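# Structural characterization, general
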Amino acid sequence: MSQEPKSASRRTVLIGAVALGGLPLLAAAGAAQAAGTLPKANAHYQDHPNAGKQCSKCNYFLPGAKPTAVGQCKVVAGPIAPNGWCTMFAPKAG
Ligand code: SF4
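I will try to describe carefully the structure that is included in this document. Remember, it's a predicted structure, so these values are computed and weren't measured experimentally. (Residues numbered from 1 in each chain as written. Predicted model: local features only at pLDDT ≥ 70, side-chain atom pairs only at ≥ 80, totals over all residues.)

### Here's the deal with the overall build of the protein chain
- If you tally the helices and strands in the protein chain, you get two helices and two strands.
- Listing every helix and strand of the protein chain by position from the N terminus yields α-α-β-β.
- In the protein chain, the share of contacts with a sequence separation of at least 24, taken over all contacts with a separation of at least 6, comes to 70%. (Helix = DSSP H or I, 4+ residues; strand = E, 2+ residues; numbered from the N terminus. Contact = placed C-beta atoms within 7 Å.)

Following this line, the structure appears as structure tokens:
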């Protein structure tokens, strides 16, 4: 009988640890689902910077595996170049 609360407590800790360990995966899945749907033409997207403004410096950019890799955008649909730009550009804070 006295073992039950300890066992339940240990189980609760283990379940919590597994849940916390899964957070990065959930965050990654959320990022993948957060890609935008606005057509590039509507945002006047271009694959080169505009006066120093570019996707890698934008708050909406979802980077690829490497800094130079193609990523995604939270607003604009499709593959997004880190050196790209569009009229929805919003500079990252800091
Ligand atoms: S500049 Fe436009 S396309 Fe690039 S990340 Fe920002 S909103 Fe998306």
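Having seen the structure, we can now continue with the description.
### Some details on unusual backbone geometry
- Of note, the phi angle at His 44 is positive, near 55 degrees, even though the residue is not glycine.
- By the element assignment, His 44 lies in the loop between α2 (23-33) and β1 (61-62).
- A positive phi angle, close to 50 degrees, is found at Ala 51, a residue other than glycine.
- Note on placement: Ala 51 falls in the loop between α2 and β1.

### Some words on the nonpolar core
- Listed in full, the eleven residues of the largest apolar core are Tyr 45, Cys 55, Cys 58, Phe 61, Cys 73, Val 75, Val 76, Ile 80, Ala 81, Trp 85 and Cys 86.
- Ignoring any residue separated from it by four or fewer positions in sequence, one finds Phe 61 in contact with Cys 55, Ser 56, Gly 71, Cys 73 and Ile 80. (Core = buried A, V, L, I, M, F, W, Y, C linked by C-beta atoms within 7 Å. Buried ≥ 20, exposed ≤ 12 C-beta atoms within 10 Å, placed from the backbone.)

### Let's talk about the environment of Lys 92
- By secondary structure assignment, the location of Lys 92 is in the segment after β2 (72-73).
- Lys 92 gets classed as exposed once you count the C-beta atoms within 10 Å, which come to 10.
- The sequence separation of Lys 92 and Asn 59 amounts to 33 residues, and the corresponding C-alpha distance is 4.6 Å.
- In contact with Lys 92, not counting residues within four places along its chain, are Lys 57, Cys 58 and Asn 59.

### As for the environment of Gly 71
- One can find Gly 71 in the loop between β1 and β2.
- For Gly 71, the residues in contact, after removing those within four places along its chain, are Phe 61, Leu 62, Pro 63, Gly 64, Ile 80 and Pro 82.

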